[in-house]
2 protein chains.
Amino acid sequence: MEKYLLNLDEEMPKYLQISKHIEKLINEKKVKDGERLPAIRTLAKFLDVNTVTIVSAYKLLQQKGYALQKMGSGTYAKGKEERKNFLKQYSNIYKKVSGESLKGYIDFSGETTCSEFFPVETFKKVLNDVLDRDGAEAFVYQSAFGYEGLRKSINNHFWDKRIDTDNIMIVSGAQQGIDIVAKALINVNDNIAIEKPTYSGALNVFKGRRANIFEIDMLRDGIDIGAFKKILKKNKINCFYIMSYFQNPTGSTYSMQKKREILNLAEEYDFYILEDDYLSELIFDKDMEYKSFKSLDTNDRVIYVKSFSKIFLPGIRLGYLVSPYKFKDRIQSSKINTDITTSSLMQRALDLYIKEGYWKDHMKNLNEAYKERYNLMKNYIEEILKDKVEVNMPGGGLHFYLKISDKINVDCLELFYKCKKEKVIITPGVLFYKNNFDGEKYFRLGFSQTNVNDIEKGLNIINRILRSFTS
Amino acid sequence: MEKYLLNLDEEMPKYLQISKHIEKLINEKKVKDGERLPAIRTLAKFLDVNTVTIVSAYKLLQQKGYALQKMGSGTYAKGKEERKNFLKQYSNIYKKVSGESLKGYIDFSGETTCSEFFPVETFKKVLNDVLDRDGAEAFVYQSAFGYEGLRKSINNHFWDKRIDTDNIMIVSGAQQGIDIVAKALINVNDNIAIEKPTYSGALNVFKGRRANIFEIDMLRDGIDIGAFKKILKKNKINCFYIMSYFQNPTGSTYSMQKKREILNLAEEYDFYILEDDYLSELIFDKDMEYKSFKSLDTNDRVIYVKSFSKIFLPGIRLGYLVSPYKFKDRIQSSKINTDITTSSLMQRALDLYIKEGYWKDHMKNLNEAYKERYNLMKNYIEEILKDKVEVNMPGGGLHFYLKISDKINVDCLELFYKCKKEKVIITPGVLFYKNNFDGEKYFRLGFSQTNVNDIEKGLNIINRILRSFTS
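The rules behind the values
Residues numbered from 1 in each chain as written. Chains lettered and ligands numbered in written order. Predicted model: local features only at pLDDT ≥ 70, side-chain atom pairs only at ≥ 80, totals over all residues. Heavy atoms only, no water. Least-squares fit on C-alpha atoms with pLDDT ≥ 70 in both. Contact = heavy atoms within 4.5 Å. Patch = residues over 30% accessible without salt bridge, like charges linked within 9 Å, V, L, I, M, F, W, Y side chains within 5 Å. Areas by Shrake-Rupley, 256 points an atom, 1.4 Å probe, with all protein chains shown as cover. Salt bridge = Lys/Arg side-chain N within 4 Å of Asp/Glu carboxyl O. Helix = DSSP H or I, 4+ residues; strand = E, 2+ residues; numbered from the N terminus. Buried < 20%, exposed > 50% of the residue type's maximum accessible area, 1.4 Å probe, protein only. Pairing = 2+ DSSP bridges. Expected span 1.5 Å × (residues − 1). Buried area = accessible area lost by both parts, 1.4 Å probe. Polar contact = N/O pair within 3.5 Å; in protein donor to acceptor, adjacent residues only side chain to side chain.

As annotated in an unreviewed UniProt entry, chain A carries the name PLP-dependent aminotransferase family protein and is attributed to Clostridium brassicae.

Written out as structure tokens, the structure is:
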């Protein structure tokens, strides 16, 4: 116990001093990876502090990735390399199984629509029509903003002509949209806000820009507005990245009231909203209506990013963004420096596909197919996993986000490994947090790639594994 | 003259002090935009220094964009906003004319093959074959490295299987290759070296990474190795961006000796070479052989980037890169964060196009067609523009880089404006330098979009305009 002894400074919160001291011990390998930290009562007595102080110190260590709590068994130290390896291990395993196209696996990690729903024949027809119509023109560079025909179709069919076509830019998928906007608007040490948890692809882009990232807890109907206000009062936030419908991973959707509040805050505190609208086509709950931040935005505060890949044909890499007038030129330059322009043939084909009415029909079919899977998932989770997880039903989209009950002594990575052994793939929660350890008790189940039979089978396997860890 | 008076400090080079003083006068608007600076002899006498000192000071001011020399008429100050507007004006005009597809213009600004050479029918056939063969598979996400079939074809057909297919990554054009590599390997304040002048698209990417950029003068057979060595001795360079054949804009090609010297320097000073091999298919000079840096690289020091867009179908946005084994994972993560993966259908179509032997045939045809244009350009430049420009004949590629003779009192932007009025589009040299003003006396003439008749007509117009400025 002696190494835990320290002179407490009156000026600084005690739990912070204790936590920092143990961090140091772990970094200097005086406490080794996997070593059990002293029991809470024992350490409290030894240091002559309240047990609550030790609980807080251990909690902070967990949040910072220096410790792992195992229910019923205590808190364990995590070494530096182990922390680093945490994600790497997962990513290597996932790469390996997905490289084998996940054949033979029940795949709950899917994020895009399933190939059985791809409208291959119709798209082929449309491609040929475009080539017959446009010839060599179809292979010339478009302007950096993209093919004008498609930009007009987007305005006509998805926005009732309510936005300025000049502000629409075609991008090679939503991920590129986020990357381009980040390069145009976010510089080293700029402050940006994100939802906690959030989409890891966006998180990585912001980290790559070396921005200061503020996480705001996601509640059932959008972020914790009170917490956001506190941050806004103290820090000049430039940009807030937001998923308005079926947030990835939580599945939460913003209430109309929160949308309006956030739009007002954007004006009051002079920040811009980067809205990633990625699955709003799949609303299954009859009481939900579709209103993007962009459609409510009267102050040109929203940069709207839309993926066509996730919902349509992932392999064609298409999406679009709507830029505030103010940033149009900067975002255009950023696109040019990123990849000059998006594939012209694909843009022309998608344009014709929308104009001919195929898009509308396809979305109707997708909605029916996925609503069936959604309801199955919902029912089975309620029946089979009841008592083992906490979950909010999203009401649409392609996934559920589950919190492992406190009674079950397993973290999401161990759950991932065990599931993988039984040929079931889940997505661990750690991917979705700036500090990976915050997601240790969460996992995501997507049903886009999982057919009706596999859903029941897969959930039964997960149930069995979770049960084996019940304390 | 009084405002030019200053107390010279013995410790600091005089030309530097004079130049800095005049900079300050211009920034404070005590010397106004467009105002003529004192004649060299007058100022030398007034400050009691050698005329060479004033010449050096004025030269530095020019390089930094604070002054413009008009031959035979003296040196003129340039205000801050005027310096900023310099490029903006050009880019707005160019956007405008190219938005109208340059119809009615003789376009010497082209960088990609002309649509009349696009193999539309063959590519359409190949697309349909792929869709019949692969169905929905053709629209599924590829791995971030790209479609394995295409990666193997690239190794088989372009590298005689001499590289490791695992190190090949498909990208959405060479611009994306540069962007991805930069995001993976270049951080804020890293030192990188570039050729002077260089491709503006790459320059913008490096500026966007906030790197320290060192320019090294391009000579006829590659960079000035002596100058490069001096930089290497004083600075830790991480990366050197290089165009091995028909460098853009100079048209220079590296000699075998310089390639080997640079590869040795890379090993000695521990830097990596980013080789952009963008037009090496178009070698017209019989004495030139093709040997990329990558093919000579025995120490895994070269990141090789290849565009298919420039030479084949610009609108399909395809290229590839070959990564050193060491950086494979980082570059893959960078690709995922940039746009996840490149269009799968296009990758499969290009693969089949190569496998069926169409690529080889197409390159043969392109070579013949462009060799004719190249020779025409070469002859006309020698005949028509003789005495008005200096030029090195590149021996291949799709452009010439011309230096306006000192006797002709015009900069490239004025030349651009005048040409544009007469429906001829050239590319001003200012685009290709970190400090735009270094390129004031240069312009680039590309012949990829210009047919045989237009070449003669266009060069005659340029000749007439240059003549009107002869002093």
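Q: Help me understand the relation of the copies chain A and chain B, please; the structure alone is not making it clear to me.
A: Taken together, a rotation about one axis and a shift along it account for how the two chain copies relate. Superposing chain A onto chain B requires a rotation of 180° together with a translation of 0.0 Å along the rotation axis, leaving an RMSD of 0.1 Å. Considering both components of the superposition, the chain copies are consistent with a two-fold axis. The residues that chain A uses at the interface reappear at the interface of chain B in 100% of cases, marking a shared surface.

Q: Hey, could you run me through a nonpolar patch on the surface in this one?
A: A surface patch of nonpolar side chains, about 270 Å² in accessible area, is lined by Met1(A), Leu5(A) and Phe46(A). Mapped onto the elements, Met1(A) comes out in the segment before helix H1 (14–27).

Q: Would you mind going over the side chain of Gln347(B) with me for this structure?
A: All names here are of chain B. Along the chain, Gln 347 falls in helix H13 (residues 344–355). Judged by its relative accessible area of 0%, Gln 347 is buried. If we ignore the near neighbours within four places in the chain, the residues touching Gln 347 are Gln 142, Gly 146, Tyr 147, Leu 150, Ile 170, Leu 318, Thr 341 and Thr 342.

Q: Explanation requested: the pairing of strand E4 (residues 168–171) of chain B in the structure shown.
A: Regular strands have side chains that alternate between both faces of the sheet. Residues and elements named next belong to chain B. Residues Ile 168 and Ile 170 of E4 are buried on one face, and the alternating residues Met 169 and Val 171, pointing to the opposite face, are buried as well. Note: E4 against strand E11 (residues 319–322), four bridges, orientation antiparallel. Of the residues in E11, the one forming a bridge with Ile 170 is Tyr 320.

Q: Explain H13(B) here, please?
A: For an α-helix the count is 3.6 residues per turn, leaving residues at separations of three or four pointing the same way. Between its terminal C-alpha atoms H13(B) stretches 17 Å, which fits the 16 Å expected from 12 residues at 1.5 Å a residue. Of all 12 residues in H13(B), 11 are buried; the element is thus mostly enclosed. Every buried residue of H13(B) is accounted for by Ser344(B), Leu345(B), Met346(B), Gln347(B), Arg348(B), Ala349(B), Leu350(B), Asp351(B), Leu352(B), Tyr353(B) and Ile354(B). Elements in contact with the buried residues of H13(B): helix H5 (120–134) and helix H13 (344–355) of chain A together with helix H5 (120–134), helix H6 (148–158), E4 and helix H14 (358–384) of chain B. Note on H13(B): the residue one or two positions beyond its end, Gly357(B), has a positive phi of about 85°.

Q: Please clarify how the interface of chain A and chain B should be interpreted in this entry.
A: A common measure of how large an interface is: the accessible area buried when the components associate. Tallying the contact residues gives 48 residues for chain A and 49 residues for chain B. Between chain A and chain B lies a buried interface of about 3,800 Å² when both sides are counted; carbon and sulfur atoms form 58% of it. Summed over the three residues of chain A that lose the most area to chain B, namely Phe139(A), Tyr141(A) and Asn337(A), the buried surface amounts to 17% of that side. Applying the counting criterion to the chain A and chain B interface returns four salt bridges. Asp132(A) is paired through a salt bridge with Lys124(B); the nearest N and O atoms lie 2.4 Å apart. Linking chain A to chain B there are 21 residue pairs in polar contact (both at pLDDT 80 or more). The dominant element in the side of chain A that touches chain B, judged by the number of residues it contributes, is H5(A), at seven residues.

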